[in-house]
Amino acid sequence: MDLVNFIKETAYGEQMAIKAFTCGFFKTSESTLMHKGDKLPYIGGEFEIYEDKHLVKCNELKFSEQDWGDFFRDIL
């Protein structure tokens, strides 16, 4: 809980820069759409969705070489 409070009170308040890496992707659909006001559970509590957005669990991301190949074929 201390880490959650640190991020919430310190890192967020200071607009701390966090490096990120693209590790996968997903196709949007009605099943991935979360609506404003929905609750998203996380370690330490729940997070309220502030705007409609598409979300999936990390383990549901597509990431294989075949997945990326299909993705680029579809968009190009």
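Residues numbered from 1 in each chain as written. Predicted model: local features only at pLDDT ≥ 70, side-chain atom pairs only at ≥ 80, totals over all residues. Heavy atoms only, no water.

On to the overall build of the protein chain, then. When you go through the protein chain residue by residue, the secondary structure sums to two helices and four strands. Traced from its N-terminal end to its C-terminal end, the protein chain shows the element sequence α-β-β-β-β-α. Considering only contacts in the protein chain between residues 6 or more positions apart, those separated by 24 or more positions represent 41%. If you sum the accessible surface of the protein chain, you get close to 7,000 Å²; carbon and sulfur atoms cover 57% of it. (Helix = DSSP H or I, 4+ residues; strand = E, 2+ residues; numbered from the N terminus. Contact = heavy atoms within 4.5 Å. Areas by Shrake-Rupley, 256 points an atom, 1.4 Å probe, with all protein chains shown as cover.)

Here we come to a nonpolar patch on the surface. On the surface, Leu40, Tyr42, Ile43, Phe47, Tyr50 and Leu55 cluster together into a nonpolar patch covering about 630 Å² of accessible area. If you trace the backbone, Leu40 turns up in strand β2 (residues 39-42). (Patch = residues over 30% accessible without salt bridge, like charges linked within 9 Å, V, L, I, M, F, W, Y side chains within 5 Å. Salt bridge = Lys/Arg side-chain N within 4 Å of Asp/Glu carboxyl O.)

Take the pairing of strand β3 (residues 45-48) next. For β2 and β3, the ladder comprises four bridges, and the chain directions are antiparallel. The residue of β3 that forms the bridge with Tyr42 is Gly45. (Pairing = 2+ DSSP bridges.)

Tallied over the full model, the rule gives zero disulfides. The thiol of Cys23 is not disulfide-bonded; the next cysteine sulfur, from Cys58, is found 6.2 Å away. We classify Cys23 as exposed; its relative accessible area is 55%. Look at Cys58 and you get exposed, because its relative accessible area is 67%. (Disulfide = S-S within 2.5 Å. Buried < 20%, exposed > 50% of the residue type's maximum accessible area, 1.4 Å probe, protein only.)

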